[in-house]
Amino acid sequence: MPELYLRLLNRILTPLLLLLAIYLLLRGHNLPGGGFIAGLMAAAAFELQILSRGHERVRRSIGPYLNSGIGLGLAIAICSGFAGLLNGVFFKGLWFDLHVPLLGELAVGTPVIFDLGVFLVVVSVATSYLLGLSRVSDSAAPNPDGAPSPELSDSFETDPTGVADDSRVRNKR
Amino acid sequence: MALNANLLAAPVAAPLLTAALILLFARWGGRTLIRHQVALTALALCLNLGIVLTLFYGAAVQGRRFVLQFGNWTAPFGITAYGDGLSATLLLMTAIVALAVYPFAVATIDYHRARMGFHPLYLFLLMGVNGAFLSGDLFNLYVFFEVLLMASFVLLTIGAQPAQTNSGIRYVVLNLLASTVFLVAAGVAYGTLGSLNMAQIAERLPLAAPAVRTVFAGLLMVAFGSKAALFPLFFWLPASYHTPPPAVTALFGGLLTKVGIYTLFRSFTLFFPELLLSWQPALLTIAGATMLVGALGALAQPGIRRVLSFHIISHVGFILMGLAVALSGNSLAIGFGLGAAILYLCHHMIIKTALIMAGGAVELYMGSDRLASIGGLVTRQPLLAFLFFMASISLAGVPPFSGFVSKLSLLQITLDTHHWVVSGVSLFASLLTMINMMRLWRESFWGDYSRPSRVPSRILQSTIRQQLMLIPVGALVLLSLGLGIFGERAFNLTMRVAQHALDRDAYIEAVSPSTLHSSGLRSGAFNVTGPKFPDSSTHLFASLGEPPWPAR
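Residues numbered from 1 in each chain as written. Chains lettered and ligands numbered in written order. Predicted model: local features only at pLDDT ≥ 70, side-chain atom pairs only at ≥ 80, totals over all residues.

1. Some points on the overall build of chain A
Here is step 1 of the chain: Within chain A one finds six helices and two strands.
Here is step 2 of the chain: Order of helices (α) and strands (β) in chain A, N terminus to C terminus: α-α-α-α-β-β-α-α.
Here is step 3 of the chain: In chain A, which comprises 173 residues, the proportion classed as buried is 32%.
Here is step 4 of the chain: Contacts in chain A between residues at least 24 apart in sequence constitute 62% of all its contacts with a sequence separation of at least 6. (Helix = DSSP H or I, 4+ residues; strand = E, 2+ residues; numbered from the N terminus. Buried ≥ 20, exposed ≤ 12 C-beta atoms within 10 Å, placed from the backbone. Contact = placed C-beta atoms within 7 Å.)

Structure follows, in structure tokens:
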């Protein structure tokens, strides 16, 4: 069972980290920040969840969507490049002025969409690394009954149960 | 900006977008999902071939140079993609190899590997290779090297057999070392020349101190030579190519070392053409040693794929020999050597892929590729035996196949420039290739039928799988035959491609005309399309005085 303070800290820090990630993502066009940093920040929030609630719960809730996140992010990023073709050149920025009631005038363009794609890729990749690492460190720790950990599947998580890989892992040991 | 230049983004964007879509929907479905992945990947490969054929027609046949400045940011600030005849030829060969290996891969890759992401990785590898051929920027070249290294590393170890993991570690460590050397070279270029754009490096390098030029050239030679599997740096290749599934070996054998060769071509023709003359003895020695070690090493190997992977090394030596004499020629034109090397490269990519696929088919039928224990397959698989034989004699250089024309043209230029020793070595290596290929064919197809594995082959029970394996081999052998029969036309084309690649001024002007005009710098002395070529650039350095960029 994780420490009490970690669970308390988690409640405060996770929303803060996610907000900070969104802030960094949006300011990244002209100032330090951007999709990559924001993605790492959001992955840090997920890592906090893994540490405080255990990796099984996190894997159950977001694990199956990580690959789709990578694919979606890559597709968004490359499509923002294709959008530049409307302006003549691949990856040329397209900008629109949006009127938002409270915030006033916002300049939204394809670079923001590209950053969103980068953000999704980085979040998904970093979180699946962190989930994989937590699984390995779990299985490396000695189990009480000496049996191998049932959940040592590959990182390509199409199958959240990891049934197909178990036989292979057992055979190898 | 014409739409045509945007075409340069497509060979990278199309595989990437398809792989992204596959990953996006990877969560839903089981075996039907794999079928959809196969369909999408095949579609992307066909699309890639179509795009690349268009590019090839524009760049190699019409002789245009495509330059795409991403987002219209000009050369020193933005990222440049550059496509000329050399890039387009390699892109075309890559597209053909990738499309040809794919049916074989579909027939032979098991469900487990497919579920772990074989098909998107195939596309990522293609994207990395295409990107490296199109990159006009040293750092992006490094990035695409890493993309293809990562994709190939996963393809090599996917399935996690112990032998695969063992070879994968050696492969990745040696390749990462080479990448580090490359990164250091990029750092040297940026620190001393102030740019990573390849056109600007080419423009400024003649003015740099001779020590900088030598260090930069040496580092690039080590990095790219290691990727291309040249003589002292080839150890990653025979250590790793025999362990993954045959389809992966065929793809690697067709594509990976060729990226290293392309970058050697590009850097020697663009950055330091004068070294092609002053380093010529060293280059020829390396080429000869690579040819000999590859061919002799192949003689000692016990398995089909090990023999074939040593032959890849041997043939890289032939290609380097062509590059080394690219700027020499007595009765033959300047650039003849490079044209011959490009033709040899095309021949090598086609026929080596076909041979590895045929050898892989033998291995899958027999359950083993140890030559000592297999034999007599000719009675069961006459078509495979025929195709293997044809591919073998094409590799060895027997007319009317493409091996003959490409070896003949290489030999012509080395004899013309009086490099007797290396010509002799290349002939001897060809003879050894012939001996090796006949050994492979005799041991696996001739004699009494013996199949060491007791487990019945899954491949033998399925006609559609056998067809999927044999049709691409047959198509590639036919392509090699066509390249041999229309050899003169093909050689004229590669000759033109080589002369375009040797024209540095046109490259620099195509990428960054503004900097050229503003600095008033025209490296006319390096225009090597004419017969005269200065062997030293010191007078250039003296006449121009201070370099036009701020000192660091």
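Additional details are given in the paragraphs that follow.
2. With respect to the overall build of chain B
Here is step 1 of the chain: Counting its regular elements, chain B contains 24 helices and two strands.
Here is step 2 of the chain: Radius of gyration (C-alpha) of chain B: 23 Å, near the 24 Å computed for a compact globule of 552 residues.
Here is step 3 of the chain: Counting only residues that meet the buried cut, chain B has 59% of its 552 residues in that class.
Here is step 4 of the chain: Restricting to contacts in chain B with at least 6 residues of sequence separation, those with at least 24 account for 81%. (Rg over C-alpha atoms; globule rule 2.2 N^0.38 Å.)

3. Some thoughts on the pairing of strand S1 (residues 66–69) of chain B
Residues and elements named next belong to chain B.
Here is step 1 of the chain: Of the two faces of S1, the one carrying Phe66 and Leu68 and the one carrying Val67 and Gln69 are both buried.
Here is step 2 of the chain: Note: S1 against strand S2 (residues 80–83), four bridges, orientation antiparallel. Each bridged residue has a counterpart across the sheet, and for Val67 the counterpart in S2 is Tyr82. (Pairing = 2+ DSSP bridges.)

4. Some remarks on the interface of chain A and chain B
Here is step 1 of the chain: Opposite the 22 residues of chain A that make contact, chain B presents 21 residues.
Here is step 2 of the chain: It is helix H4 (residues 66–83) of chain A that provides the largest number of residues to the side of chain A that touches chain B, a total of nine residues.
Here is step 3 of the chain: When grouped by side-chain class, the residues that make up the side of chain A that touches chain B number twelve nonpolar, eight polar and two charged. (Nonpolar A, V, L, I, M, F, W, Y, C, P; charged D, E, K, R; others polar.)

5. A short note on the pairing of strand S2 (residues 104–109) of chain A
Residue and element names in this part refer to chain A.
Here is step 1 of the chain: Among the six residues of S2, zero are classified as buried, and the element is accordingly described as predominantly exposed.
Here is step 2 of the chain: The sheet contact formed by strand S1 (residues 95–100) and S2 spans six bridges and is antiparallel. Within the sheet, the bridge partner assigned to Trp95 lies in S2 and is Gly109.

6. Regarding the environment of Met349(B)
Residues and elements named next belong to chain B.
Here is step 1 of the chain: Residue position: Met349 is located in helix H16 (residues 336–366).
Here is step 2 of the chain: Separated by 157 residues in the primary sequence, Met349 and Thr192 have C-alpha atoms spaced 37 Å apart.
Here is step 3 of the chain: For Met349, the contacting residues outside a window of four places in its chain are Met93, Val97, Gly254 and Lys258.

7. With respect to the domain arrangement of chain B
All names here are of chain B.
Here is step 1 of the chain: Here the domain parsing of chain B yields domain 1 (1–271) and domain 2 (273–485).
Here is step 2 of the chain: Measuring from the centre of the C-alpha atoms in domain 1 to the corresponding centre in domain 2 gives 22 Å.
Here is step 3 of the chain: Contacts between the two partners involve 34 residues from domain 1, matched on the other side by 38 residues from domain 2.
Here is step 4 of the chain: Those elements that provide at least two residues to the side of domain 1 that touches domain 2 are helix H4 (85–108), helix H10 (210–228), helix H11 (236–240) and helix H12 (246–270).
Here is step 5 of the chain: The residue inventory of the side of domain 1 that touches domain 2, partitioned by class, reads 25 nonpolar, eight polar and one charged. (Domains from an automatic or database assignment.)

8. Remarks on helix H18 (residues 402–416) of chain B
All names here are of chain B.
Here is step 1 of the chain: In a regular helix each residue adds 1.5 Å, so 15 residues correspond to 21 Å; H18 covers 21 Å between its end C-alpha atoms and thus fits that length.
Here is step 2 of the chain: Ser402, Gly403, Val405, Ser406, Lys407, Ser409, Leu410, Ile413 and Thr414 are the residues of H18 that are buried.
Here is step 3 of the chain: Remark: His418 follows H18 within two positions and exhibits a positive phi of approximately 60 degrees. (Expected span 1.5 Å × (residues − 1).)

9. Digging into the packing of H4(B) against H12(B)
Residues and elements named next belong to chain B.
Here is step 1 of the chain: Where H4 meets H12, the axes come as close as 8 Å, and the angle between the chain directions of the two elements is 170 degrees. When the interaxial angle is binned, H4 and H12 end up roughly antiparallel. Residues Leu86, Leu90, Thr94, Val97, Val101, Phe104, Ala105 and Thr108 of H4 lie in contact with H12, whose contacting residues are Pro246, Ala247, Ala250, Leu251, Gly254, Leu255, Lys258, Tyr262, Phe265 and Arg266.
Here is step 2 of the chain: When the residues that make up the contact of H4 with H12 are grouped by side-chain class, the tally is 13 nonpolar, three polar and two charged. (Axes fitted to C-alpha atoms, helices over the stretch in contact; angles between N-to-C directions. Parallel < 35°, antiparallel > 145°, perpendicular 65-115°, else oblique.)

10. Some points on helix H1 (residues 4–27) of chain A
Residues and elements named next belong to chain A.
Here is step 1 of the chain: Relative to the 34 Å expected for 24 residues at 1.5 Å per residue, H1 spans 35 Å between its end C-alpha atoms, a close match to the ideal helical length.
Here is step 2 of the chain: Residue Asn10 marks the point of greatest curvature in H1, where the axis turns by about 35 degrees.
Here is step 3 of the chain: Those residues of H1 that fall on the buried side of the exposure criterion are Ala21, Leu24 and Leu25. (Bend = angle between axes of the 7 residues up to and from the residue.)

11. Notes on the confidence of the model for chain B
All names here are of chain B.
Here is step 1 of the chain: For chain B, the average pLDDT comes to 86, and 91% of its residues sit at 70 or higher.
Here is step 2 of the chain: Contacts of residues 516–552 to residues separated by more than four positions or lying in other chains number 45 contacts, the stretch itself having pLDDT below 50.
Here is step 3 of the chain: For this predicted complex, the interface score ipTM comes out at 0.79, while the overall pTM is 0.86. (pLDDT = per-residue confidence, 0-100.)

12. Section: the nonpolar core
All names here are of chain B.
Here is step 1 of the chain: In this structure, Val101 and Ala358 are the most contacted members of the largest nonpolar core, which totals 229 residues.
Here is step 2 of the chain: Per element, the largest residue contribution to this core is 22 residues, and it comes from H16.
Here is step 3 of the chain: When we break this core down by domain, the ones giving at least three residues each are domain 1 (1–271) and domain 2 (273–485).
Here is step 4 of the chain: Among residues more than four places away in sequence, those in contact with Ala358 are Leu384, Leu387, Phe388, Ala391 and Val473. (Core = buried A, V, L, I, M, F, W, Y, C linked by C-beta atoms within 7 Å.)

13. Focus: the environment of Phe114(A)
Residues and elements named next belong to chain A.
Here is step 1 of the chain: Positionally, Phe114 belongs in helix H5 (residues 110–140).
Here is step 2 of the chain: For the pair formed by Phe114 and Ile76, sequence separation is 38 residues and the distance between their alpha carbons is 6.6 Å.
Here is step 3 of the chain: Sequence-distant contacts of Phe114, defined by excluding residues within four places in its chain, comprise Ala77 and Ser80.

14. A word on unusual backbone geometry
Here is step 1 of the chain: In this chain, Pro399(B) is followed by Pro400(B) through a cis amide linkage whose omega measures 5 degrees.
Here is step 2 of the chain: If you trace the backbone, Pro400(B) turns up in the loop between helix H17 (382–396) and H18.
Here is step 3 of the chain: With a phi angle near 70 degrees, Phe91(A) is a residue other than glycine that sits in the positive phi range.
Here is step 4 of the chain: Here Phe91(A) lies in the loop between H4 and S1.

15. A short note on the confidence of the model for chain A
Here is step 1 of the chain: The pLDDT averaged across chain A works out to 76; a share of 77% of its residues lies at or above 70.
Here is step 2 of the chain: Within chain A, helix H2 (residues 35–53) of chain A carries the highest mean pLDDT (90), whereas helix H6 (residues 163–172) of chain A carries the lowest (38).

16. Let's talk about the environment of Val97(B)
Here is step 1 of the chain: The residue Val97(B) is located in helix H4 in this model.
Here is step 2 of the chain: Expressed as a C-alpha distance, the spacing of Val97(B) and Leu49(B), which sit 48 residues apart in the sequence, is 10.0 Å.

17. Side note on the packing of H18(B) against helix H20 (residues 463–485) of chain B
Each pair of packed helices gets described by two things: the angle between the helix axes and the distance between those axes.
Residues and elements named next belong to chain B.
Here is step 1 of the chain: One can describe the packing of H18 onto H20 by two numbers: an axis separation of 6 Å at closest approach and a directional angle of 45 degrees. Relative to H20, the element H18 is oriented oblique. Within the contact between the two elements, H18 uses Ser402, Phe404 and Val405 and H20 uses Ser480, Leu483 and Gly484.
Here is step 2 of the chain: Partitioned by chemical class, the residues of the contact of H18 with H20 number three nonpolar, three polar and no charged.

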